[in-house]
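Given next are the chains, with one letter for each unit.
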Amino acid sequence: MPRTLFEKIWDSHVVAQEPGAPALLYIDLHLIHEVTSPQAFTGLRQRGLKVRRPNRTVATMDHSIPTINRGLPIVDPMAAKQIQYLEDNCKEFGIPLHGMESKHRGIVHVIGPELGLTQPGMTIVCGDSHTSTHGALGALAFGIGTSEVEHVLASQCLLQHKAKTCEVRVEGRLAPGVSSKDIILALIAEIGIGGGTGHVFEYTGSAIRALTVEERMTVCNMSIEGGARGGTVAPDDTTIQYVAGREFAPTGAAWDAAVTRWRDLPTDEGATYDKAVTLDANKLAPMITYGTNPGMGMPITARIPDPMDLGDLNQRAALDKALKYMALQPGQPLLGHDVNVVFIGSCTNSRISDLRLAAGLMKDRKVAPGVRMLVVPGSQDVKNQAEAEGLDAVFKRAGAEWREAGCSMCIAMNGDQLEPGQYAVSTSNRNFEGRQGKGGRTFLVSPLTAAATAIAGKITDVRTML
Amino acid sequence: MAQFTTITSHAVAIPSNDIDTDQIVPARYLKMTDKAGLGAALFADWRYNADGSPKPDFILNTPVAQGAQILLAGDNFGCGSSREHAPWALTGFGFRAVVSTSFADIFQNNALKNGLLPIIVTPDVHAELMALVAKNPGSEFVVDLEKQTFTLPGGRAVSFAIDPFSKTCLLKGTDELGYLLSFERQIAAFESAHSV
């Protein structure tokens, strides 16, 4: 019987399933970080359990670490304690850690693929909802809670009900100035933030095939913002070329065997999905969010919708509340709106290709007076690569802050945050109230739109600057 | 995990749709290394002024929130981040059940592992409950997990769905790790078959 990519990975990882109970799904790679793991290790210790497969577990620190003054002790005592806990736990349980001194440290969803840890056909979990990122390589990857982190540490398995599948078909070609971030923002604006609940997305179609693996990661990363458990792209030549030669990628005969397996993963002809959505890439424009969830997005040239035009009273109330928080008016355009901060970073858009795009636009240009711009590479490897290419110099000459790798202002746990009332244009993934700092207001955009906005000092259609 | 059999309680309504986990517990409270004490952080940005004083008009700061074990919330409750701190904060405050028309997947999983029952009702029932709670804030409801019923003050019982496995875990107050570890033999067999 023809099967989807999801079904193939699922079937090959079910260890056991009893009637009326969820399946035990074997986990190939468990990524952990400082914020969602401490209580799981405490649980192990209380029960006297070991980590079953330390060699299938990889730790890094990304959420609460500072992105400046790396040589100095961490100022925030709670963050310092959390980081110390992770170091102690990894040592006690024998887990490899990319700690503060590691040249490979970085955002967990950036380093996994970058190091070749993430491979097609794998099951990958992490106590972080953006684990969906890894699906870009044809893995089944999703976020879990801390109880589940404990389960996977102890048993290398997860109890899971099989998700439904949804094909997201994107055909056509992206116009200049339109990027993979705009694909995913347009999708979420279309289906809403609960549109994918209970489903794993598989992105298909010519526009997805044409994307690089890094661009696919941006799309898969925000699958969770559409409510989906995960997002996947079937592995192809692009994927295989991406994985080849990376530090933890198989080599020699093991590589050949792996590639043979990976070639079998794409969805069979005739396989069916539980649901399908289509998007026309030819018609996409640069996207921007105007509200307080990622589904409140529109083409950058559009005007903010009017709550009174919404028939559903709950949706009307939600939009009304969002616009009050954002201090925006119905019918108002966002083009030309002032911004205080521009943030380029996060597991969505902090990879070398994102930085190249932004730097390409900012070369010999300046950040507008009064605008603060932060550029935060996703990993130390990305940072080193960018510096080797001189991208850091472009950003610094423009007047931007060039920082150390980390989650930074995407989640504002480390001191990188907005002041109340400030507007930020951000390449991150969430514009929830207070996400980038209490009272801060976020517009989600692509790296190109962020760079264009930094230069102009107000929200700008990058297509006018190309 | 705390056992869940029946609860009888009034409800607190926060009618907003799409309440994300950043609202349930803002990220700055995620730096703690244990589970306890998060009740005070529940809905912190909606609940407290900048100086830390409570906002008197926010429902959790009003007398009706005292002793309430049921939260009635809008569609798609718990979307966003995977933080289990969200159910820790809700149970820390005293909630044992959340009633909505839909829940985000990860939140629902996390809630079930912490003795917090997500109850999905139809939009019609949801609207009726919202109206009832607005009119009579002290109205008492009965949640009976064994029977899978949510009973309104007039005695009308609305049934709700829950997967049988989670139901058993909640009724017994056992967590899932013991169950998982009982499959040691199968896990080892899987690992050797897949040269893990």
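The structure under discussion appears in the preceding block.
A brief look at the structure comes next. (Residues numbered from 1 in each chain as written. Chains lettered and ligands numbered in written order. Predicted model: local features only at pLDDT ≥ 70, side-chain atom pairs only at ≥ 80, totals over all residues.)

Right, let's talk about the overall build of chain A for a bit. Within chain A, the regular secondary structure consists of 15 helices and 19 strands. A compact globule built from 466 residues should have a C-alpha radius of gyration of about 23 Å, and chain A, at 21 Å, falls within 12% of that. Partitioning the intrachain contacts of chain A with sequence separation of at least 6 by distance along the chain shows that 77% fall at a separation of at least 24. (Helix = DSSP H or I, 4+ residues; strand = E, 2+ residues; numbered from the N terminus. Rg over C-alpha atoms; globule rule 2.2 N^0.38 Å. Contact = placed C-beta atoms within 7 Å.)

For the α-helix, the turn length of 3.6 residues means that residues three or four positions removed from each other point alike. Residue and element names in this part refer to chain B. The buried count for helix α3 (residues 85-93) comes to seven of nine residues, which makes it a mostly enclosed element. Within α3, burial applies to His85, Ala86, Pro87, Trp88, Ala89, Leu90 and Thr91. Looking at the buried side of α3, the elements it contacts are α1 (21-24), β2 (70-73), β3 (97-100) and α4 (105-112). Downstream of α3 by one or two residues, Gly94 has phi in the positive range, about 125°. (Buried ≥ 20, exposed ≤ 12 C-beta atoms within 10 Å, placed from the backbone.)

Residues and elements named next belong to chain A. Contact pair helix α12 (residues 352-362) / helix α15 (residues 447-456): the axes reach a minimum separation of 8 Å and the direction vectors enclose 30°. In this view, α12 runs roughly parallel relative to α15, as classed from their interaxial angle. When the axes of α12 and α15 are compared, the crossing they make is right-handed. Contact residues: α12 offers Asp354, Leu357, Ala358, Leu361 and Met362, while α15 offers Pro447, Leu448, Ala450, Ala451, Ala452 and Ile455. Per-class residue counts for the contact of α12 with α15 are ten nonpolar, no polar and one charged. (Axes fitted to C-alpha atoms, helices over the stretch in contact; angles between N-to-C directions. Parallel < 35°, antiparallel > 145°, perpendicular 65-115°, else oblique. Left-handed = near helix turned anticlockwise from the far one by under 90°. Nonpolar A, V, L, I, M, F, W, Y, C, P; charged D, E, K, R; others polar.)

The next thing to look at is the packing of helix α6 (residues 180-191) of chain A against helix α8 (residues 213-221) of chain A. All names here are of chain A. At a minimum axis distance of 8 Å, the contact between α6 and α8 shows a crossing angle of 20°. Between α6 and α8, the angle falls in the class roughly parallel. Where α6 crosses over α8, the two elements pack in a sense that is right-handed. Within the contact between the two elements, α6 uses Ser180, Lys181, Ile183 and Ile184 and α8 uses Glu215, Arg216, Thr218 and Val219.

The next point concerns the pairing of strand β4 (residues 117-120) of chain B. All names here are of chain B. Note: β3 against β4, four bridges, orientation parallel. Bridging from a neighbouring strand, Val99 pairs with Ile119 of β4. After leaving β3, the chain enters α4 and then returns to the sheet as β4, a path that is right-handed. (Pairing = 2+ DSSP bridges. Right-handed = clockwise from strand over helix to strand, strands pointing away.)

This next bit is on the environment of Gln23 of chain B. Residues and elements named next belong to chain B. When you line up the elements, Gln23 lands in helix α1. Look at Gln23 and you get buried, because 24 C-beta atoms sit within 10 Å. With 56 residues separating them in the primary sequence, Gln23 and Cys79 have C-alpha atoms 9.9 Å apart.

This part is about the sheet that holds strand β18 (residues 423-426) of chain A. All names here are of chain A. The strand order β17-β16-β15-β18-β19 describes an open sheet built from five strands, whose pairing is parallel. Both edges of this open sheet fall to β17 (401-402) and β19 (441-444), since each of them pairs with a single strand only. Alignment of strand β15 (residues 341-344) against β18, held across three bridges, turns out to be parallel. Its bridge partner lying in β18, Val342 is registered against Val425.

Turning our eyes to something else, we now look at the interface of chain B and chain A. Counting from both sides, the interface comprises 43 residues of chain B and, opposite them, 54 residues of chain A. Among the secondary structure elements, those contributing two or more residues to the side of chain B that touches chain A are α1, α4, α6 (164-172), α7 (177-181) and α8 (184-193) of chain B. Top contributing element to the side of chain B that touches chain A by residue count: α4 of chain B, with four residues. When grouped by side-chain class, the residues that make up the side of chain B that touches chain A number 15 nonpolar, 13 polar and 15 charged.

A few words now on unusual backbone geometry. Residues and elements named next belong to chain B. For Asp18, which is not a glycine, the phi torsion comes out positive at approximately 55°. You can see Asp18 is positioned in the loop between β1 (6-14) and α1. Even without a glycine there, the phi angle at Asn76 is positive, about 55°. Asn76 sits in the buried class, given 26 other C-beta atoms within 10 Å.

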